Each structure stands twice: as C-alpha cells, then as structure tokens.
Amino acid sequence: MRLDHVSYAVARDSFVSTVQWIGSALGAGFVDGGVHPRFGTRNFILPLSGGTYVEVVTTLDHPAADRAPFGQAVARRAAEGGGWLGWVVSVDDIAPVEARLGRTAAEGHRVRPDGFDLRWKQIGVLELLEDPQLPYFLQWSVPVEERPSADPRTPTTIHGVSIAGDAASIAEFLGEPADHPLDQIDVTWVEDEEPGLVAVEFATAHGPVTI
C-alpha cells in the first residue's frame with residue numbers, strides 16, 4: 001500500500017501563512033494546486049521526492065464545502081485550530097475498495113493554474129469523518145506524469161508518520177499487516193487524546209524535520 005500524500009487543513013485566514021511556514025520548514029516553496037469545485041476546497045501542494053506530496057487545504061465560501069464530505073472534514077479540522085487532516089493511500093484499482101465499503105467512489109477534479117484538469121476517484125472520507133485515524137483511498141485518472149507528485153520541487157522525502165489509533169483497526173481497513181501498513185514509510189503508533197495523524201517526519205537535506 002503506497003502513501004500518496006498527507007493533508008494539512010487550516011482556516012482560510014491562516015491558509016497563506018501555513019503554506020509559507022511549512023514550505024520554509026521543508027526548504028521548498030509550494031505551488032498553487034487550484035480549486036476542488038465539487039468539494040468546496042482549494043489547496044497548495046509541495047511535490048516531494050519519493051512519489052509523495054504535501055497538501056495544505058482550506059475551504060471556500062461555497063455551498064459545496066458544507067455538502068461534500070471532504071469539505072466537511074476540512075472545515076471540522078480547521079475549526080479545531082487546524083493541523084494534519086489525514087493521510088491518503090493510492091491504489092491502481094479502487095473497485096475492490098468500493099465493493100468492501102459498499103458504495104461508489106466520488107469523482108474529484110481540480111483545474112490547475114496551467115489549465116490541466118486533474119481527475120481522480122476517492123473513497124473513505126466518510127470513514128475519516130467518523131474515525132480520524134483512518135486514511136482514505138485515491139485512484140488517479142490521469143497519466144503518471146500529470147500527477148501532483150510527478151515533478152518534485154525538493155529532495156525532501158517523507159520518512160515516517162505518527163498515528164494515534166489502533167494498529168489492528170487500520171490494518172483491517174487497509175488490508176495490510178499492522179506492523180508495516182505502508183511501503184517505504186515508517187508508521188509509529190502513539191498515544192494521544194484524539195485519534196488521527198499526529199505528526200509527519202521528513203528527511204531533508206539539513207536533517208530530519210517533524211511537523
């Protein structure tokens with residue numbers, strides 16, 4: 001199971017400053033990802049080495065942010081003061097996940113500033129809303145070279161993630177072993193008052209950075 005990206009959600013009034021703060025900590029600038037019209041959100045992204053990226057996301061002043069599960073998840077995390085929203089795993093075929101969860105994946109898209117319409121399918125955000133320790137699943141509908149992680153802006157990589165939750169529950173949800181649920185990414189289980197993604201450890205040219 002491959003980590004696709006990690007998502008950090010904030011309120012609109014701290015969106016730009018958060019993008020600048022994380023970019024400065026990791027030694028690279030984010031790029032404008034564009035608007036998710038179906039979810040009522042927008043993001044900036046930082047493509048990393050190793051085929052992953054960081055997303056900073058906020059809601060728009062748009063009805064879709066109240067209707068769409070992803071918009072609801074972003075709004076809730078922002079209302080809590082902002083922070084890591086969750087982790088996203090990519091799959092080559094989302095159909096088995098749809099069958100297991102008993103519903104069809106949502107279609108997602110955003111038009112990049114260069115005009116390219118980036119499209120994907122995602123499922124599992126409803127589970128994330130109920131249990132923030134869980135990831136959601138994504139299947140890209142565009143060629144590899146057009147995906148957000150295709151053009152790294154820095155040699156920085158994601159070394160590991162710290163998750164507050166139950167390893168067995170997450171392993172069952174992913175269908176992967178509890179001792180190593182992600183390929184090439186270390187997962188540390190920690191104690192915390194609230195379940196969810198607690199921290200991400202990055203390997204940078206200047207040493208490890210944890211956010």
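A quick note: this is a predicted structure, and the numbers were derived from the prediction, not measured.

About the thresholds
Residues numbered from 1 in each chain as written. Predicted model: local features only at pLDDT ≥ 70, side-chain atom pairs only at ≥ 80, totals over all residues. Heavy atoms only, no water. Helix = DSSP H or I, 4+ residues; strand = E, 2+ residues; numbered from the N terminus. Rg over C-alpha atoms; globule rule 2.2 N^0.38 Å. Contact = heavy atoms within 4.5 Å. Salt bridge = Lys/Arg side-chain N within 4 Å of Asp/Glu carboxyl O. Buried < 20%, exposed > 50% of the residue type's maximum accessible area, 1.4 Å probe, protein only. Arc of directions from axis to C-beta. 1 Å grid on protein atoms, 1.4 Å probe; cavity = no way out; pocket = protein on both sides within 12 Å on 5 of 7 lines; lining within 4 Å. Points joined across faces, edges and corners; volume = space filled by probe spheres on them. Nonpolar A, V, L, I, M, F, W, Y, C, P; charged D, E, K, R; others polar. Polar contact = N/O pair within 3.5 Å; in protein donor to acceptor, adjacent residues only side chain to side chain.

The next point concerns the overall build of the chain. Per the secondary structure count, the chain includes six helices and twelve strands. For 211 residues, the compact-globule formula gives about 17 Å, and the C-alpha radius of gyration of the chain, at 16 Å, lands near that figure. By its C-alpha atoms, the chain is 40 × 40 × 35 Å across when sized along the principal axes. Contacts in the chain between residues far apart in sequence, at least 24 positions, make up 67% of those at least 6 positions apart.

Quick look at the pattern of salt bridges now. Per the counting criterion, the structure on display carries seven salt bridges. Its salt-bridge partner being D4, residue R2 comes within 3.4 Å of it at the nearest N-O pair. The exposure class of R2 is partly exposed, given its relative accessible area of 33%. R112 is paired through a salt bridge with E146; the nearest N and O atoms lie 2.9 Å apart. Here the residue R112 occupies a position in the loop between β6 (106-111) and β7 (117-123), and E146 occupies one in the loop between β8 (136-140) and β9 (157-164), the gap between them amounting to 34 residues. For E146, a relative accessible area of 23% translates into the label partly exposed. One continuous salt-bridge network, built from bridges that share partners, spans R112, D114 and E146.

Those residues of helix α3 (residues 69-79) not exposed but buried are F70, G71, A73, V74 and A78. Take α3 and look down its axis: the buried residues cluster within an arc of 160 degrees, on one side only. The positive-phi residue at the C-terminal boundary of α3 is G81, with phi of around 110 degrees.

A few words now on empty space enclosed by the protein. Applying the stated criterion across every chain yields a total of one cavity of 30 Å³ or more. Roughly 100 Å³ of internal volume is contained in the largest cavity. Lining the largest cavity are 13 residues; nearest its centre among them are H5, H36, Y53, E55 and W120. Sorting the residues of the lining of the largest cavity by element identifies β4 (53-59), β7 and β8 as the ones contributing at least two each. The element best represented in the lining of the largest cavity is β8, accounting for three residues. A per-class count over the lining of the largest cavity returns seven nonpolar, four polar and two charged.

On to the side chain of T204. The topology assignment puts T204 in strand β11 (residues 196-204). Only 2.5 Å separates the side chain of T204 from the backbone oxygen of G207, close enough to count as a polar contact. Setting aside residues no more than four positions away along its own chain, T204 makes contact with L26, T156 and V209.

By volume, the largest pocket amounts to about 350 Å³. Listing elements by their share of the lining of the largest pocket, those giving two or more residues are α3, β5 (83-90), α5 (125-130) and β11. Class assignment for the residues of the lining of the largest pocket results in nine nonpolar, two polar and five charged. Taken as a whole, the second largest pocket encloses approximately 230 Å³ of empty space. As for the second largest pocket, its lining consists of 15 residues, of which V31, I45, P47, P148 and D151 are closest to the centre. Mapped by element, the contributors of at least two residues to the lining of the second largest pocket are β2 (31-36) and β3 (41-47). For the lining of the second largest pocket, the residue count by class is six nonpolar, one polar and eight charged.

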